[in-house]
Every structure is written in C-alpha cells, then in structure tokens.
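Read off the chains here:
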Amino acid sequence: MIPRIGVGIMALCLALYIVVVGQRAVLMLTTGEPIAIAIGVALLVMPLIGAWALIREMQFGFAADRLGKTLDAEGGMPAVETELTPSGRLAREDADPMVARYAAEAEAAPEDWRARFRLGVVQDAAGRRKDARASIREAIRLSRS
C-alpha cells in the first residue's frame, strides 16, 4: 500500500509541475525572443518526457503486482529458504546458489512467465535490482503472449 501512496504522490507532484511549468512555457513562448521561445519549447517537452516515464513505471508496477498476486494465489512464489538480512535481502552466500537455481529453471522453461517471475523475485531479494527488473519485465511480456 505504501508504494502505491508514493506513486500517487509522485503523480500529483508531476501534475502540479506540468501545470506550473506549462504556464511559464506559455509566457516564454509569447515573448517573441528566440532564446525565450527555445526555453519555452524545452519547458513543454521535458515534463512530457517525465510524464511518459512515470506512466511506463506505473504500468510496469501494476503489471508486476498483478502477476505477483496471481502467482501467490497459485502458491508458486519462491519460499524463503534461508535467513534474511535485517534489510530483507538474502545473505550473500545464500543468494548466488538460489539465483543460479531459479535461473536454470527459467532457462529450462523459456516461455513460462511464472519461472521468469520467480527468478525476478529471487534476484530482487539478492539485491540484483537491474536483473530483477529485466526478469520481471520479461515475465510480463510472456504473460501477454
């Protein structure tokens, strides 16, 4: 629930930012000076890029949440096999064998989104955020196929 509140706050802040910057952009565009017009155009484009990025992240989050709930309801989420660190991560000595095992399962079933999602969950618990996002993104893609 807390991450969703955070996303909502970020979306509201971005909307406020777009309104304020949009007003400034219109003022810059109406001056008629070339530099001010260029700044006005940049002020219009940059928030749109930010909005696009936020929307993409929200789509990723909602899709990952949906798959996680589906897998959990099926009883297919990875079990906690070892002690976790106080931060909730796998201990370094336990992480590598678990990641290797789940990676092998995902490679053995390349079209199974569940195996790829489990790999992403274990990678995230191991602190491999970039790899986890890639695995979960692939699981989302496979679930839509």
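The shown structure was predicted, so the numbers you read here are calculated from the model rather than taken from an experiment.

Caption draft 1: Examining the overall build of the protein more closely. Helix and strand content of the protein: 5 helices and 0 strands. Ordered by position from the N terminus, the helices and strands of the protein form the series α-α-α-α-α. Its C-alpha atoms give the protein a radius of gyration of 21 Å, more than 25% over the compact-globule value 15 Å for 145 residues. Restricting the contact set of the protein to residue pairs at least 6 apart, pairs at least 24 apart contribute 54%. For the protein, the computed accessible surface area is about 9,600 Å², with 65% contributed by carbon and sulfur atoms. The average position of the 18 basic charges and that of the 17 acidic charges among the side chains of the protein differ by 7 Å.

Caption draft 2: The arrangement of a positive patch on the surface in detail. Taken together, the side chains of R56, R66, R137 and R144 present a region of like positive charge at the surface. Those elements giving two or more residues to the positive patch turn out to be α2 (34–73) and α5 (129–144). Note on placement: R66 falls in helix α2. The exposure class assigned to R66 is partly exposed, which follows from its relative accessible area of 42%.

Caption draft 3: How the structure looks around the confidence of the model for the protein. Mean pLDDT over the protein stands at 89; residues scoring 70 or higher make up 99%. Highest mean pLDDT in the protein belongs to α5 (95); lowest belongs to helix α1 (residues 2–29) (87).

Rules of the game
- Residues numbered from 1 in each chain as written.
- Predicted model: local features only at pLDDT ≥ 70, side-chain atom pairs only at ≥ 80, totals over all residues.
- Heavy atoms only, no water.
- Helix = DSSP H or I, 4+ residues; strand = E, 2+ residues; numbered from the N terminus.
- Rg over C-alpha atoms; globule rule 2.2 N^0.38 Å.
- Contact = heavy atoms within 4.5 Å.
- Areas by Shrake-Rupley, 256 points an atom, 1.4 Å probe, with all protein chains shown as cover.
- Lys, Arg positive; Asp, Glu negative; His and termini not counted.
- Charge placed at Lys NZ, Arg CZ, Asp CG, Glu CD.
- Patch = residues over 30% accessible without salt bridge, like charges linked within 9 Å, V, L, I, M, F, W, Y side chains within 5 Å.
- Salt bridge = Lys/Arg side-chain N within 4 Å of Asp/Glu carboxyl O.
- Buried < 20%, exposed > 50% of the residue type's maximum accessible area, 1.4 Å probe, protein only.
- pLDDT = per-residue confidence, 0-100.

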